[in-house]
Amino acid sequence: MEANAARDDVEIEEEYVLLDLDSVPEQFNIPPNAPYVLSGLDTLNPILVIDNKLKLIGHYEEAIGTCIALTEEGTSPTIPEETGPSEANKSSGKSNTDPNQCPSKQVKPVACINKILKFKLLLDTDVPDASAQP
């Protein structure tokens, strides 16, 4: 009975990590929906394999300042309201909104990010040789 109560009291803590691919997308054409495998998140140097072709090695860095992930999901674009006295708008028949202004999008915060996982291209020199004797 106590074991079940202890499990109920355990709170799962989520940690968000920002994946920084640096200049890799500029060097290689990575399709937007390319499959990937991210392994070794609990190690000092996680490995990211993109599209079974591109292999990257990462290292963790602490985020400096505040890093917040935002989402536009579930929000619709908003059109700015007219400004100025409403009576003037009614009598002149003109709108005070800027026709060149794009509709703005509303965003919502998702998470605060504490760590950045920076990746670079994995070279043979980045992997320790398992056959080498210490």
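Residues numbered from 1 in each chain as written. Predicted model: local features only at pLDDT ≥ 70, side-chain atom pairs only at ≥ 80, totals over all residues. Heavy atoms only, no water.

### A short note on the overall build of the chain
Each helix and strand in the chain was counted, giving 3 helices and 5 strands. The buried share among the 134 residues of the chain stands at 14%. Across the chain, the fraction of contacts at a sequence separation of at least 24, relative to all contacts at a separation of at least 6, is 66%. (Helix = DSSP H or I, 4+ residues; strand = E, 2+ residues; numbered from the N terminus. Buried < 20%, exposed > 50% of the residue type's maximum accessible area, 1.4 Å probe, protein only. Contact = heavy atoms within 4.5 Å.)

### With respect to the state of the cysteines
Two cysteines form a disulfide when their sulfur atoms are joined by a covalent bond. All chains considered together, the criterion is met by 0 disulfides. The structure places no disulfide on C67, whose sulfur is separated from the nearest cysteine sulfur, that of C112, by 7.5 Å. Residue C112 is classed as partly exposed on the basis of its relative accessible area of 46%. (Disulfide = S-S within 2.5 Å.)

### Details of the nonpolar core
In terms of nonpolar packing, the biggest core is built from 8 residues, these being V24, A34, L48, I50, L54, L56, L117 and F119. For this core, the elements supplying multiple residues, two or more each, are β3 (47-50), β4 (54-71) and β5 (108-121). Other than its neighbours up to four places away in sequence, F119 contacts L19, D20, L21, D22, L38, P46, I47, L48, L56, I57 and G58. (Core = buried A, V, L, I, M, F, W, Y, C linked by side-chain atoms within 4.5 Å.)

### A word on the confidence of the model for the chain
Confidence along the chain averages 75 in pLDDT terms, with 64% of residues attaining 70 or more. Every residue in residues 128-134 scores below 50 in pLDDT, and together they form 0 contacts with partners more than four places removed in sequence or on other chains. (pLDDT = per-residue confidence, 0-100.)

### Examining the sheet that holds β3
The sheet built from 5 strands is open, its strands ordered β1-β5-β4-β3-β2 with mixed pairing. Both outer strands of the open sheet, β1 (17-20) and β2 (36-39), are each paired with one neighbouring strand and no more. Within this sheet the neighbouring strands show an average axis-to-axis angle of 40°, counted without direction. Where β1 lies against β5, 4 bridges are found, and the strand directions are parallel. Looking at β5, one finds that L18 is bridged to I116. (Pairing = 2+ DSSP bridges. Axes fitted to C-alpha atoms, helices over the stretch in contact; angles between N-to-C directions.)

### Regarding the pairing of β4
Direction of pairing for β3 relative to β4: antiparallel, over a ladder of 4 bridges. The residue bridging I50 from the neighbouring strand is L54, located in β4. A loop of 3 residues connects β3 with β4, the two strands running antiparallel in sequence, and D51 in this loop sits at a positive phi of about 60°. When β4 meets β5, the two strands line up antiparallel, connected through 12 bridges. The residue bridging H59 from the neighbouring strand is K118, located in β5.

### Digging into the pairing of β3
One ladder, built from 4 bridges, connects β2 with β3; its direction is antiparallel. Bridge assignment links Y36 to a residue of β3, and that residue is I50.

### Quick notes on the pattern of salt bridges
For the structure on display, the rule yields 4 salt bridges. Put simply, K118 and D20 hold a salt bridge, and the shortest N to O gap is 3.5 Å. Within this pair, whereas K118 is found in strand β5, its partner D20 is found in strand β1, the two being separated by 98 residues in sequence. Accessibility expressed as a relative area gives 24% for D20, which makes it partly exposed. Between E61 and K118 there is a salt bridge whose closest N-O contact spans 4.0 Å. Of this pair, E61 sits in strand β4 while K118 is found in strand β5, placing the two residues 57 residues apart along the sequence. (Salt bridge = Lys/Arg side-chain N within 4 Å of Asp/Glu carboxyl O.)

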